[in-house]
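The lines below spell out each chain.
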Amino acid sequence: MSSTSSTPPESISKAFRLPKVPFWAQILLGLVLGVLLGWAARSGDIGWLVTTLDKIGSIFVQLLKLAVAPLVFFAILVSITNLRNVNNAARLATRTLLWFMATSLIAVAIGLTIGLLTNPGSGTGLTPKDGAKPEHAGSWLDFLTGIVPENVVTPFTELNVLQIVFMAAVAGIAALQLGEKAKPILDLSQAVLELLQKALWWVIRLAPLGTLGLIGFAIAKYGWNLIGKYATFTADIYIGCALVMFGVYPLLLATVAKVNPLQFFRGAWPAIQLAFVSRSSVGTMPLTQKVTERLGVPKEYASFAVPFGATTKMDGCASIYPAISAIFIAQIFDVHLDLGDYLLIAFVSVVGSAATAGLTGATVMLTLTLSTLGLPLEGVGLLMAIDPVLDMMRTATNVAGQALVPVVVAAKEKILDREAYDSATASPIDAPDAIDVREAEQKATVPAPA
């Protein structure tokens, strides 16, 4: 009787298992398919395909926005209370804010320089009649008085992120003052935050599909002809953001933090590419925090700096974009800007960036800048059609800066885990959470009490 060898079912399963596609490759595939489908829908005038692409993209963005209000509230509250576990918390918070302001100032200077050199408003064929006033405009009075909500419900129903941040900050400071009495509330807040992050993580995994819908619909609706009128302006925004992201940030990493800039982009790239697709700093916040921790920033500090940055740190939307836009609109409306006006643009960018509050689009920040300069608000209407194309690069720059500053501050404070930073290569979506693994290993080395 001859013996026959049988192959275990596990071996067969492994042999026929499909290779896992990295998250960045899934995003890229969605981008390519979206462009192709959008082009096909526009050139073939396929109405149902345009509608389908619109629905796919809209549902993805709506899912991200669904978690924004509670995520911001609990993230800010927990992050403030977590500072009690960090040495020199006040100094860390101050340095974080100062670096936010410093990088914003550099970004707005780059935006102004590019705008003055290229004259983005000349030769476009656009006139003041092409503009239209936005439905909602920002002003300093609205900005200052609008921080404090009239009640605790409206900010959540109307998604006023700035007011949500205010309430969360007050609650967090009050919890710190109460001490142990607030522990049940803090435990509940931590649990709710983790629940929201887990749910949002599922949404993030849909990003390749969301990319397909958002890019596809943009191509199908606007085509390439629209970009022609705004060619210089669009190029200015992308070049300005690229100079900040791939010029200023690496320089700060190399000279101030004294770390390898390439390693930063290896670790932070999943968050940057998701920001490019989703156009939401707050929606990307859980992933931004995870990659920041993977880059060696202590969890207690990252849980403060990243949520704080997601609502206030906007180098793309609040610095580069309004600077170039103001010059563009001034040229269309034939308004002369002088040195004082440029200084005002810089002031608004550094101080008023919280007005953008991490949501898709930067219309509020732009109207705040225009109203400060006395420029016609109808100029906003000139930029609305091209805004989705610009917002992708702006948001990617925002998120890169939100991950950069904690790394720089942690390095200066000598609390950066440089070994973790040097090994930060895997995508948090593709690989196990190295942070949790490292924490488990550290706990395992602690001797048990006698």
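Conventions used here
Residues numbered from 1 in each chain as written. Predicted model: local features only at pLDDT ≥ 70, side-chain atom pairs only at ≥ 80, totals over all residues. Heavy atoms only, no water. Phe/Tyr/Trp six-rings, centres within 6.5 Å; stacked < 30°, edge-to-face > 60°. Helix = DSSP H or I, 4+ residues; strand = E, 2+ residues; numbered from the N terminus. Buried < 20%, exposed > 50% of the residue type's maximum accessible area, 1.4 Å probe, protein only. Axes fitted to C-alpha atoms, helices over the stretch in contact; angles between N-to-C directions. Parallel < 35°, antiparallel > 145°, perpendicular 65-115°, else oblique. Left-handed = near helix turned anticlockwise from the far one by under 90°. Contact = heavy atoms within 4.5 Å. Nonpolar A, V, L, I, M, F, W, Y, C, P; charged D, E, K, R; others polar. Salt bridge = Lys/Arg side-chain N within 4 Å of Asp/Glu carboxyl O. pLDDT = per-residue confidence, 0-100.

Enquirer: What exactly am I supposed to notice about the packing of aromatic side chains here?
Expert: Ring pairs (aromatic) are described by centroid distance and by the angle formed between their planes. Going through the model one piece at a time under the given rule, you end up with nine aromatic pairs. For the pair Phe 233 and Phe 328, a centre-to-centre distance of 4.7 Å together with 45° between the ring planes defines the contact as tilted. Here Phe 233, found in helix 12 (residues 231-257), pairs with Phe 328, found in helix 16 (residues 316-332); they are 95 residues apart in sequence, far enough to count as distant. Of the two residues, Phe 233 and Phe 328, both sit in the buried class. Centre to centre, the rings of Phe 246 and Phe 265 are 5.3 Å apart; their planes meet at 35°, and the pair counts as tilted. With Phe 246 in helix 12 and Phe 265 in helix 13 (residues 261-278), this residue pair connects regions lying 19 residues apart in the sequence. Since its relative accessible area comes to 44%, Phe 246 is described here as partly exposed. An aromatic cluster of at least three residues, connected via ring pairs, comprises Tyr 230, Phe 233, Tyr 321 and Phe 328.

Enquirer: Can you help me understand the packing of helix 5 (residues 89-118) against helix 16 in this one?
Expert: For the pair helix 5 and helix 16, interaxial distance at closest approach is 8 Å and the crossing angle is 30°. Relative to helix 16, the element helix 5 is oriented roughly parallel. Considering how the two elements wind past one another, helix 5 and helix 16 form a crossing that is right-handed. In this structure, helix 5 contributes Ser 104, Ala 107, Val 108, Gly 111, Leu 112, Ile 114, Gly 115 and Leu 116 to the contact, and helix 16 contributes Ser 319, Ile 320, Ala 323, Ile 324 and Ile 327. Here the contact of helix 5 with helix 16 is composed, by residue class, of nine nonpolar, four polar and no charged.

Enquirer: Where do I start with the pattern of salt bridges in this structure?
Expert: If the charged atoms of two oppositely charged side chains come close together, the side chains can form a pair. Throughout the structure, instances matching the rule amount to five salt bridges. The salt bridge partner of Asp 187 is Lys 183, with a shortest N-O separation of 3.1 Å. Here the residue Asp 187 and the residue Lys 183 both occupy positions in helix 9 (residues 183-204), the gap between them amounting to four residues, near one helical turn. Residue Asp 187 is classed as partly exposed on the basis of its relative accessible area, which comes to 43%. A salt bridge links Asp 391 to Arg 394, with the shortest nitrogen-to-oxygen separation between them at 2.7 Å. In this pair, Asp 391 and Arg 394 both sit in helix 20 (residues 387-412), three residues apart, roughly one turn of the helix. Side by side, Asp 391 and Arg 394 carry an identical accessibility label, which is buried.

Enquirer: Explain the confidence of the model for the chain here, please?
Expert: Do not read the fine detail of predicted coordinates wherever pLDDT is low. Of all residues in the chain, 80% have pLDDT values of 70 or greater, and the mean over the chain is 80. Mean pLDDT across the elements of the chain bottoms out in helix 22 (residues 434-445) (45) and peaks in helix 12 (94). Residue range residues 431-450 is modelled with pLDDT below 50. Its contacts to residues more than four positions away, or to other chains, number 12 contacts.

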